[in-house]
Amino acid sequence: MTTTATTRYLDSHCHLQKQHLGPVIDDILERARSTGVARMFCNATREEDWQAVVDLAARKYELIPFLGIHPWFAETAMTGWEERLQVLLKQIPAGIGETGLDKCCRADFGRQQQIFLLQLQMASELRRPLVIHCVRAWGRLLEILEHFAGPLPRVMIHTFAGSHETLQRLLKLGCFISFSGKLVTNSRVHPCCLATPLANLLLETDSPGRPLARDAINGPGTTDEPAAIVKLYELAATMREMDLDKFCQEIWKNGAIFANTILPR
Ligand SMILES: [Zn+2]
């Protein structure tokens, strides 16, 4: 297994705008840089944190901003959010996310669908990559994506933990499938990761807030942040019997294709 000084890792999903990280964010980004994590897709979860994501991304070119409303916060979305999001997206090269559907949270499912559909439409119209969170709502999600009237935007399913059949239908739609520490903590995920073609594969920490996955991959007491993704890459490359450096290059390329319309040129 080889890496070179130029090995670049992508963390395809994180939330570094979280307020409690404020005092340590520079250290987190420095550790990311020194371990080779050279790009991070930083996802907002509700309107209140859009600006924090925008500000962070403006400071650090490694951070690529995604702005959206997470299904957990569907009911807190205030009137006019979609216009305000449009305005921001026209000013800033940002993706849309994280959004999606979640049947295990309290937010009204009808409202979740309404909000998700608007973000899907916006991503299609503005040609922005879309990050989807889906928990126990695969049937409805697939129905929406498979019957979507416009051209589908580039879609990433983050922290995939669905069935093999779901995976196949998502792949048919051209979705990118992103795997997190659940690759270690959930036995169903391992075969799905292996069944995902290399060209559709992404890896993420979903940090901060994933101590279980962190412990499983890096051991207790280690940090829950993008730098911790290196072990996940090593694991996934070993699963595929691939050289780590080559594997990193392929995943980096996938991230660049997914976020093609918003990456700095
Ligand atoms: Zn997330």
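Structure: see above.
Keep in mind that this is a model prediction, so the values were computed, not measured.

Reading guide: rules and limits
- Residues numbered from 1 in each chain as written.
- Predicted model: local features only at pLDDT ≥ 70, side-chain atom pairs only at ≥ 80, totals over all residues.
- Heavy atoms only, no water.
- Helix = DSSP H or I, 4+ residues; strand = E, 2+ residues; numbered from the N terminus.
- Buried < 20%, exposed > 50% of the residue type's maximum accessible area, 1.4 Å probe, protein only.
- Areas by Shrake-Rupley, 256 points an atom, 1.4 Å probe, with all protein chains shown as cover.
- Lys, Arg positive; Asp, Glu negative; His and termini not counted.
- Charge placed at Lys NZ, Arg CZ, Asp CG, Glu CD.
- Arc of directions from axis to C-beta.
- Contact = heavy atoms within 4.5 Å.
- Donors = N, O, S within 2.8 Å, 3.2 Å for Na, K, Ca; no water.
- Tetrahedral: all angles 85-135°; square planar, octahedral: opposite > 155°, others 65-115°.
- Pairing = 2+ DSSP bridges.
- Core = buried A, V, L, I, M, F, W, Y, C linked by side-chain atoms within 4.5 Å.

Details of the overall build of the protein chain
Item 1. Counting its regular elements, the protein chain contains 11 helices and eight strands.
Item 2. For the C-alpha atoms alone, the extent of the protein chain along its principal axes is close to 50 × 40 × 35 Å.
Item 3. Out of the 265 residues belonging to the protein chain, those deemed buried represent 55%.
Item 4. Here the protein chain displays about 11,800 Å² of accessible surface, and carbon together with sulfur accounts for 53% of that area.
Item 5. In the protein chain, the 29 positive side-chain charges and the 29 negative ones have mean positions that sit 3 Å from each other.

Here we look at helix H5 (residues 138-146)
Item 1. Residues of H5 that are buried include every one of Trp138, Leu141, Leu142, Ile144 and Leu145, and no others. Along the long axis of H5, the arc covered by the buried residues comes to 160 degrees, so they all point the same way.
Item 2. Along its buried surface, H5 packs onto strand S4 (95-102), helix H4 (109-126), strand S5 (130-135), strand S6 (155-157) and helix H6 (164-172).

A closer look at the coordination of the zinc ion
Item 1. Coordination of the zinc ion by the protein is provided by His13 (NE2), His15 (NE2), Glu98 (OE) and Asp206 (OD), with metal-donor distances spanning 2.1 to 2.5 Å.
Item 2. What the four donor atoms of the zinc ion show is an angle range of 80 to 170 degrees at the metal, which sorts the shape as irregular.
Item 3. Taken in sequence order, the residues that donate to the zinc ion follow the motif H-x1-H-x82-E-x107-D. Note that His13 is positioned in strand S1 (residues 9-14) and Glu98 in strand S4, a separation of 85 residues in sequence. The same class applies to His13 as to Glu98, namely buried.

Thoughts on the pairing of S4
Item 1. With respect to burial, S4 is a largely interior element, eight of its eight residues being buried.
Item 2. Two strands pair when backbone bridges link them, and strand S3 (residues 63-67) and S4 are joined in this way by two bridges, in the parallel orientation. The partner of Leu67 across the bridge, within S4, is Ile96.
Item 3. Bridge analysis of S4 against S5 gives five bridges, and the strand direction is parallel. Pairing of Leu101 across the sheet is with Cys134, part of S5.

What to know about the nonpolar core
Item 1. Counting 86 residues, the largest nonpolar core has Leu16, Ile157 and Tyr233 as the members making the most contacts within it.
Item 2. The element contributing the most residues to this core is helix H10 (residues 229-239), with seven residues.
Item 3. The residues touching Ile157, leaving out its near neighbours within four places in the chain, are Ile132, Trp138, Leu141, Leu170, Cys175, Phe176, Ile177 and Ser178.

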